[in-house]
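For reference, the chains in residue letters:
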Amino acid sequence: MRIGPLAVCRSCTIVYVTMALAGIACALFSDSVATKTAQTALACLMVITILVSYPPLYRKLPRWGCDLARGSLGAIIAVTAAQLISAPLAPLPLINAAVLVIIWFTFGAIRQKAKRGKCNTCPEYREGHICSGYAQQSVNVRKYEEAMAAYFTQQRLKKGP
């Protein structure tokens, strides 16, 4: 999906959209008893979402399963944030937030380890330049940075100093 010059992947789009929708729902129905029950149920869904999101399992899911996992992740993030705002010292939102942070760093470490392992075995690794596998990605990142710098420079010139 494209938002102007920015390309956003399908999974990220689903996470952000469900996060926004769940955040709006939490804001609209924050005092409802049904919402409290739904928040607790969503906390239980967190366990399933985390298990299904484990990379070896996630890769085997059909596309709709991946979309469902990402959508539930967005809702979990929004509900956890809403719970932390409404009751910052309540145990359930603190536990949810802690689990989300731990999982974020754990999966990040797994991704980095996998990337390092792949790069270290590449014959181009020690040549001192960007390898052919990342050359196009590097070009795209530079184009993006230049486009954003030009955009923000134009916006600043329009507003004045």
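This text follows the structure it describes.
Residues numbered from 1 in each chain as written. Predicted model: local features only at pLDDT ≥ 70, side-chain atom pairs only at ≥ 80, totals over all residues. Heavy atoms only, no water.

1. Quick notes on the overall build of the chain
Looking only at helices and strands, the chain features six helices and two strands. In the chain, the order of α-helices and β-strands from amino to carboxyl end is β-β-α-α-α-α-α-α. Buried residues in the chain amount to 24% of all 161 residues. The long-range fraction of contacts in the chain, counting pairs at least 24 apart against all pairs at least 6 apart in sequence, stands at 59%. (Helix = DSSP H or I, 4+ residues; strand = E, 2+ residues; numbered from the N terminus. Buried < 20%, exposed > 50% of the residue type's maximum accessible area, 1.4 Å probe, protein only. Contact = heavy atoms within 4.5 Å.)

2. A closer look at the layout of surface pockets
Approximately 930 Å³ is the volume attributed to the largest pocket. For the lining of the largest pocket, the secondary-structure elements that each account for two or more residues are α1 (10–28), α2 (33–53), α3 (55–58), α4 (63–86) and α5 (91–120). In terms of residue count, the dominant contributor to the lining of the largest pocket is α5 (11 residues). Looking at side-chain class alone, the lining of the largest pocket contains 17 nonpolar, four polar and five charged residues. (1 Å grid on protein atoms, 1.4 Å probe; cavity = no way out; pocket = protein on both sides within 12 Å on 5 of 7 lines; lining within 4 Å. Points joined across faces, edges and corners; volume = space filled by probe spheres on them. Nonpolar A, V, L, I, M, F, W, Y, C, P; charged D, E, K, R; others polar.)

3. Side note on the pattern of salt bridges
Tallied over the full model, the rule gives one salt bridge. Where Asp67 meets Arg10, a salt bridge forms, and the shortest distance between an N and an O atom there is 2.5 Å. Of the two residues, Asp67 is situated in helix α4 and Arg10 in helix α1; the sequence distance between them amounts to 57 residues. Judged by relative accessible area, Arg10 falls into the partly exposed class, the value being 41%. (Salt bridge = Lys/Arg side-chain N within 4 Å of Asp/Glu carboxyl O.)

4. Thoughts on the nonpolar core
Soluble globular proteins tend to bury their nonpolar side chains together. Counting residues in each nonpolar core, the largest one holds 11 residues, listed as Ala22, Cys26, Leu42, Met46, Ile50, Ala75, Ile76, Ala78, Val79, Ala82 and Leu100. Elements that contribute at least two residues to this core include exactly α1, α2 and α4. In terms of residue count, the dominant contributor to this core is α4 (five residues). Here Ala22 is in contact with Ala75 and Ala78, once residues within four sequence places are set aside. (Core = buried A, V, L, I, M, F, W, Y, C linked by side-chain atoms within 4.5 Å.)

5. Considerations on a nonpolar patch on the surface
Taken together, the side chains of Ile24, Leu28 and Phe29 make up a nonpolar region of the molecular surface, amounting to roughly 340 Å² of accessible area. One can find Phe29 in the loop between α1 and α2. (Patch = residues over 30% accessible without salt bridge, like charges linked within 9 Å, V, L, I, M, F, W, Y side chains within 5 Å. Areas by Shrake-Rupley, 256 points an atom, 1.4 Å probe, with all protein chains shown as cover.)

6. Structural notes on the environment of Gly133
Relative to the helices and strands, Gly133 is located in helix α6 (residues 132–159). The spatial distance from the C-alpha of Gly133 to the C-alpha of Cys122 is 9.6 Å, given a sequence separation of 11 residues.

7. Re the packing of α1 against α4
Two elements in contact, α1 and α4, have axes separated by 7 Å at closest approach and are oriented at 40 degrees. One element, α1, and the other, α4, form an angle in the oblique class. Where α1 crosses over α4, the handedness of that crossing is right-handed. Residues Arg10, Ser11, Ile14, Val15, Thr18, Met19, Ala22, Gly23 and Cys26 of α1 form the contact with α4, whose participating residues are Arg63, Asp67, Arg70, Gly71, Leu73, Gly74, Ala75, Ile77, Ala78, Val79 and Ala82. Taken together, the residues that form the contact of α1 with α4 break down as 11 nonpolar, five polar and four charged. (Axes fitted to C-alpha atoms, helices over the stretch in contact; angles between N-to-C directions. Parallel < 35°, antiparallel > 145°, perpendicular 65-115°, else oblique. Left-handed = near helix turned anticlockwise from the far one by under 90°.)

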